[in-house]
Amino acid sequence: MGKKKPVSYGDLHFNTQTEARAFLNAMLGKYDIGDRVSAADAVILSSALALHPDAVQRIGPGIKDFSVRSADFGTKCFWVNRIDGTTQKFSHKACV
Amino acid sequence: MAEGVGDEIATLTKLTVRSELSNLVDDPEANTADKLDWHRLILAGSILARSDMRANQEAGLRIAVGAVVLVKDEKVRDAGAMLLGQLSNFRAVTLAIGRGLVADDLDGRLGVSLRLETQRREMDRSVLVETSGRWLEVNEFQQRFWTGASSADWLSASAPTASGKTFLVLQWLVDQITAGEAKVAVYLAPTRALVTEIESSLEQYLKAVKGVVVSSLPLRTKFDDARAGGARLILVLTQERMHLLANVLGADFLIDLMIVDEAHKIGDDGRGVILQDAVERAVRLNPKMSLVFISPSTQNPGELLADAPPGATTQAVDSDAPTVLQNVILAKQSKGKPKLWNLVARQGGEEVDIGTLQLASSPSSIPKRLAFIAAAATGDRGGTLVYANGAGESENIADFISQLQPDHDPGAVDPELAALAELARKGVHPGFRLAKFVERGIAFHFGNMPSLLRLEIERLFRSGKIRFLVCTSTLVEGVNLSCRTIVVRGPRKGKGNPMEPHDFWNLAGRAGRWGDEFQGNIICVDPHDGSAWPHGVPVRSRYPIRRESDAVLDAGGELLGYLEERAVGAPRDVDGDGDFEQVGAYLLTTYMRLGSIADAELAKRHDAAFIKNLDQTLSRIAAKIEIGSDLATRHSGVSPIGMQRLLETFRAYKGEPDNLLPAEVASDDSYDRFVTIMRRINASLFPAFEPDARAKLLALIVFQWLKGKSLAEIIRRNIAWHEEVGKAYKLPDIIRETMMLVEQIARFRAPKYFSAYVDILHLYYVEIGRQDLIDADLDIGTQLEFGVSSRTLISLMELGLSRMTAVELFEKIARDDLDRDQALQWITERADELDTMELPVVMLRELRERLLPSGGAAMTGPQPV
């Protein structure tokens, strides 16, 4: 069994990666596809996205806001909408 | 008649029908017409012509036509022409003279008394067109219509298909709007195909008339202009578009005159209720307007006058007089000889043997039967319509007919047919089968095709360049397209339902081009096959008009049960067909508006005890509905129960309220948002986009359509989507399926349910104090109906371009915010460069004819019949 690793998104702290992942999962679950993510959730997601292994590439020129949109095989995921009008999906599971 | 000239009429029938068909096996027993006693026959014809009975008039017409067409003796031909005049069939007389069958100066050859009688008849049978000061020669029905429509407030006219109804109604409408007081008139046409056709015909009539415009868009610009004293306006609208316009205008929806074409469709499932609702809504807002209903061969046109306001004068004009001979021919395979088909013509209750038709090959399937019989009977002539039960079958039959035509030289294709093929390849798909068929003078035609393509097919069929047209029920739905011959086997309407007799006769009525032909043929294949014709080939008769709402109300307890269940269950769990949903919505809305169904006009047509029961049921349901009656009225056919449930869904929504809105189509979220909204509509309002799994494909089509993508592009993307998700497809099927989805989902269901969704959402936003989220821009229903979301595209369509051409042109225009004048200016400035823009020829022609009249060729739209 691996070592427990705490995760923080801004002021929000989780004792383990599993907890952080479950939190983001629940956040994703409350949105329908096509929804814009609320301002409060967007703050958390910004911090989360910073932890993504490809953060620099995903964030690009800067974050405008986030959406929940469809992903492959009927699933849904978070998308970052950038200030230059481009958009990119990312897996919240990688943000831990 | 049977004892008098029955045998001679049978002989005449045989001879006239044989003269119309090719590939008949020689019949040594066939008499020649010259052997008949024409003196006696003409006398009989003139007596029969005085009768009011259709069978007698038909016999008179057959004698007249026989005399003109079959006989060598000029005196007999003159007498035949006189007899046609006696039947008020002046167009047939003109045709006979035009074809050289009757020599010019017929009057000069008559004695004084006969000449006086002829002139008196012609004067009696003329009406004055006020705008032109010209006298128009008309038949008896047309005359009664003209005088009736000009004197009564409400008029309902019914006559057989080839009686010149549409021609006359359009003349009368133009006369009323130019010479009369009317500023705004609405012409309700129940299908988009008919809307396009009527609009083109009116434009043709109004070319020389200043100060009148025609539009089929439910936008207020031209309406406000007309009301403010600018150009008068004729709006040609489907019932759905009329509701959209009434929603935009509210209490300003003030019109002076309304014509309801194909008014018998008030009895159709679903859309019949929306039609009835549209008429009632217009009358409520305009109790003093003139109203004219027209319908083909109905028994009781007066039924539609029952709801006229108190004090309004009403008149029913009803005719059953034939204008062209219509030969119903039954085609049955000879026993053991599949290439030989025995033909008999129906003559009253009798059957007259016509002869044997020889086919080129043995037909091993039903589509082959239709194709081979059509090809053999038509021979070198054109003008044949083959009725197919569905779009896919129409393509296959067209394919067989094309294979039976002589080899053609690909380099020698008629330029107009080549232009149509180009439009099919560029505007739909390079593999669209229509393209290669039309190069050989054969086409298929169904309702979901884009209107520019369909109109061009109809035009080239009328001109004779397309010789065979394989069609589906769209033709019965009121396109004014006539032909020489119809070939039909077990016709179905919609999804496999045997065609009702009145629909069959509406179709059959298209055989015989009045003024272009003396007769038309309806070849009914396999008449004795019970699976094809469950009730046999329908006998000619007139059929009653019955409102769909009245028919459903007669279901009594079943309807009450549905309403009770609908009020408590989720929409997808409620048993019952669409008819109950539509009529239920109509009744509940009426109840909410009046407070009691007993006060509605419909109550007088039903049992008082049942109405009382209905009132109690509706009262229980209405007590739980917070949606106002104004809002319910705006969405004809959408149940207020569903609307209430949707409002509750919004109230229970825990996310950000702006997530409930459709996102702008330019936004990345837009497509996914559509998917969610469709699922929300399925769950709360009505399962219009079921199953949920399909919502993704439907949303994709709606999204592309709204983005203003061309049909060709939407088809390409649908193919790409299928490939992406690994779904197998066949090219012809996917082309047809995409066209169907555009028409049925993007242009019909989506506008209906999305506009109700947005309205309820606005109500919710007001409730929670978030009016800031309400966008007063063009409403989503109108955007979806036309498939546009940019101002420039709307402007191009407002200028009169088809969506197909507007979209193609928009590709070349940089700005997306041009108003009408700016868009016109853009085009005018580039008039010389249009040829270099690589637009298909048919689109270029449309552009020139509609927007650059000085540089355009002569208008070649459909001719009024």
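Residues numbered from 1 in each chain as written. Chains lettered and ligands numbered in written order. Predicted model: local features only at pLDDT ≥ 70, side-chain atom pairs only at ≥ 80, totals over all residues. Heavy atoms only, no water.

(A) Molecular detail of the overall build of chain A. Assigned secondary structure in chain A consists of three helices and five strands. Shown N-terminal to C-terminal, the secondary structure of chain A runs as helices and strands in the order β-β-α-α-α-β-β-β. Radius of gyration (C-alpha) of chain A: 13 Å, near the 12 Å computed for a compact globule of 96 residues. Across its three principal directions, the C-alpha atoms of chain A cover 40 × 30 × 25 Å. Here chain A holds 96 residues, and the buried ones make up 43% of them. Residue pairs at least 24 apart in sequence account for 44% of intrachain contacts in chain A once pairs closer than 6 positions are excluded. Of the accessible surface of chain A, which amounts to about 5200 Å², a share of 56% is contributed by carbon and sulfur atoms. Side-chain charges in chain A split into 13 positive and 9 negative, and the spacing between the mean points of these groups amounts to 6 Å. (Helix = DSSP H or I, 4+ residues; strand = E, 2+ residues; numbered from the N terminus. Rg over C-alpha atoms; globule rule 2.2 N^0.38 Å. Buried < 20%, exposed > 50% of the residue type's maximum accessible area, 1.4 Å probe, protein only. Contact = heavy atoms within 4.5 Å. Areas by Shrake-Rupley, 256 points an atom, 1.4 Å probe, with all protein chains shown as cover. Lys, Arg positive; Asp, Glu negative; His and termini not counted. Charge placed at Lys NZ, Arg CZ, Asp CG, Glu CD.)

(B) Focus on the overall build of chain B. Tallying secondary structure elements over chain B gives 34 helices and 19 strands in all. Based on the C-alpha atoms only, the size of chain B along its principal axes is roughly 90 × 65 × 60 Å. Buried positions account for 60% of the 865 residues belonging to chain B. Pairs at least 24 residues apart make up 71% of the contacts formed inside chain B by residues separated by at least 6 positions. Of the roughly 33500 Å² that chain B leaves accessible, carbon and sulfur atoms contribute 49%.

(C) Quick peek at the sheet that holds strand β4 (residues 76–82) of chain A. Residues and elements named next belong to chain A. Pairing is antiparallel across the open sheet formed by three strands, whose spatial order is β3-β4-β5. One side of each edge strand has no neighbouring strand; the edge strands of this open sheet are β3 (63–70) and β5 (87–90). Averaged over all neighbouring strand pairs, the angle between strand axes comes to 30°, with direction disregarded. Bridging between β3 and β4 involves seven bridges; their strand directions are antiparallel. (Pairing = 2+ DSSP bridges. Axes fitted to C-alpha atoms, helices over the stretch in contact; angles between N-to-C directions.)

(D) Structural context of the pattern of salt bridges. All names here are of chain B. Counted under the stated rule, the structure contains 68 salt bridges over all chains. Residue E785 pairs with R192 through a salt bridge whose shortest N-O separation is 3.5 Å. Pair noted here: E785 is in helix α30 (residues 780–786) and R192 is in helix α10 (residues 192–205), with a separation of 593 residues, a long-range link. Judged on exposure class, the residue E785 and its partner R192 are both buried. (Salt bridge = Lys/Arg side-chain N within 4 Å of Asp/Glu carboxyl O.)

(E) Examining the packing of helix α26 (residues 670–684) of chain B against helix α27 (residues 695–706) of chain B more closely. All names here are of chain B. Two elements in contact, α26 and α27, have axes separated by 9 Å at closest approach and are oriented at 125°. Considered as vectors, α26 and α27 are oriented oblique to each other. As α26 packs across α27, the resulting crossing turns out to be right-handed. Across the interface between the two elements, S670, Y671, F674, V675, M678 and R679 from α26 touch A695, K696, L698, A699, L700, V702, F703 and L706 from α27. (Parallel < 35°, antiparallel > 145°, perpendicular 65-115°, else oblique. Left-handed = near helix turned anticlockwise from the far one by under 90°.)

(F) Local environment of the interface of chain A and chain B. The partner chain B presents 13 residues to the 14 residues of chain A that form the contact. Around 1100 Å² of area is buried between chain A and chain B when both sides are counted, 37% of it from carbon and sulfur atoms. Counting the surface chain A buries against chain B, the share from its top three residues, I33(A), G34(A) and R36(A), is 41%. The partner of R36(A) in a salt bridge is D669(B), and the shortest N-O contact between them spans 2.5 Å. (Buried area = accessible area lost by both parts, 1.4 Å probe.)

(G) A look at the environment of N448(B). Residue and element names in this part refer to chain B. Within the element layout of this structure, N448 appears in the loop between β14 (442–445) and α18 (451–463). Assessed through its relative accessible area of 18%, N448 is described here as buried. N448 sits 57 residues away from A391 along the chain, and the two C-alpha atoms are 8.9 Å apart. Discounting chain neighbours no more than four positions away, the residues touching N448 are M739, M740, E743 and Q744. Side-chain polar atoms of N448 contact the side chain of Q744, separated by 2.9 Å. (Polar contact = N/O pair within 3.5 Å; in protein donor to acceptor, adjacent residues only side chain to side chain.)

(H) Molecular detail of the sheet that holds strand β13 (residues 384–387) of chain B. All names here are of chain B. Spatially, β12-β11-β10-β19-β16-β13-β15-β14 is the arrangement adopted by the eight strands of the open sheet, whose pairing is mixed. Edge positions in the open sheet fall to β12 (350–358) and β14, since each of these has one partner strand only. Direction aside, neighbouring strands of the sheet carry axes that sit 25° apart on average. Summarising the sheet, strand β11 (residues 337–347) and β12 pair through eight bridges and their orientation is antiparallel. For L340, the partnering residue across the bridge sits in β12 and is Q358. Its contacts with the sheet put helix α1 (residues 6–20) on β10 (325–334), β11, β12 and β19 (519–525), and the angle it makes with β12 is roughly 25°.

(I) Broad picture of the packing of aromatic side chains. Residue and element names in this part refer to chain B. This structure, assessed with the given rule, holds 20 aromatic pairs over all chains. Ring centres of F504 and W533 lie 5.8 Å apart, and the angle between their planes is 85°; this geometry places the pair in the edge-to-face category. With F504 in helix α19 (residues 501–508) and W533 in the loop between β19 and α20 (548–553), this residue pair connects regions lying 29 residues apart in the sequence. Across the pair, W533 and F504 agree in class, each one buried. Consider the rings of Y671 and F703, whose centres lie 6.1 Å apart with planes at 55°: the pair is tilted. (Phe/Tyr/Trp six-rings, centres within 6.5 Å; stacked < 30°, edge-to-face > 60°.)

(J) Molecular detail of the side chain of N286(B). Residue and element names in this part refer to chain B. Secondary-structure assignment places N286 in the loop between α13 (271–285) and β8 (290–296). Relative accessible area serves as the criterion here: at 5%, N286 is assigned to the buried category. Those residues in contact with N286 that lie beyond four places of it in its chain are F253, L254 and I255.

(K) Region of the structure containing the nonpolar core. Residue and element names in this part refer to chain B. Core analysis: the largest hydrophobic core is formed by 166 residues, its most contacted members being F432, F504, L587, F689 and F754. No other element matches the 17 residues that helix α29 (residues 731–767) contributes to this core. Ignoring sequence-local partners within four residues, the contact set of L587 consists of L553, L559, I597, L602, L614 and L618. Of all hydrophobic cores here, the second largest spans 37 residues; its members include I177, V212, I259 and V317. (Core = buried A, V, L, I, M, F, W, Y, C linked by side-chain atoms within 4.5 Å.)

(L) Geometry of the pairing of strand β4 (residues 184–188) of chain B. Residue and element names in this part refer to chain B. When you tally the buried positions in β4, you get five out of five residues, the bulk of the element. Where β4 and strand β6 (residues 232–237) come together, five bridges link them in parallel fashion. Bridge pairing in β6 places Y187 opposite V236. Across four bridges, the pairing between β4 and strand β7 (residues 257–260) is parallel. Residue pairing across strands places L188 opposite V260, the latter belonging to β7.

(M) Structural context of the confidence of the model for chain A. On average, residues of chain A score 90 in pLDDT, and 97% of them reach the 70 mark or higher. Taken element by element, the predicted model of chain A shows its lowest mean pLDDT in strand β1 (residues 7–9) of chain A (90) and its highest in helix α2 (residues 39–50) of chain A (94). (pLDDT = per-residue confidence, 0-100.)

(N) Spotlight on helix α31 (residues 791–798) of chain B. Residue and element names in this part refer to chain B. Among the eight residues of α31, seven are classified as buried, and the element is accordingly described as predominantly covered. Among the residues of α31, T792, L793, I794, S795, L796, M797 and E798 are the ones counted as buried. The secondary structure elements touched by the buried residues of α31 are α11 (220–227), α30, α32 (803–810) and α33 (820–829). Directly beyond the C-terminal end of α31, a positive phi value near 110° is found at G800.

(O) Examining the environment of A418(B) more closely. Within the secondary structure layout, A418(B) lies in helix α16 (residues 415–427). Residues A418(B) and V842(B) lie 424 residues apart in sequence; the distance between their C-alpha atoms is 10.0 Å.

(P) Spatial organisation of the pairing of strand β15 (residues 468–471) of chain B. Residues and elements named next belong to chain B. On β15, burial covers both faces: F468 and V470 on one face and L469 and C471 on the other are all buried. Bridge count between β13 and β15: four bridges; the pairing is parallel. Of the residues in β15, the one forming a bridge with Y387 is C471. A crossover links β14 with its parallel partner β15, the connecting element being α18, and its sense is right-handed. (Right-handed = clockwise from strand over helix to strand, strands pointing away.)

(Q) Highlighting the confidence of the model for chain B. Per-residue pLDDT for chain B has a mean of 90; in total, 97% of the residues score no lower than 70. Per-residue pLDDT stays below 50 along residues 855–865 of chain B; that stretch engages in 24 contacts with residues further than four places along the chain or on separate chains.

(R) Summary view of unusual backbone geometry. All names here are of chain B. The step from E690 to P691 runs through a cis peptide bond, and the omega angle for that step is -15°. If you trace the backbone, P691 turns up in the loop between α26 and α27. Phi is positive for S88, close to 60°, though the residue is something other than glycine. Assignment of secondary structure puts S88 in the loop between α4 (74–86) and α5 (90–98). Non-glycine residue D526 carries a positive phi angle of around 55°. Tracing the backbone through its elements, the reader meets D526 in the loop between β19 and α20.

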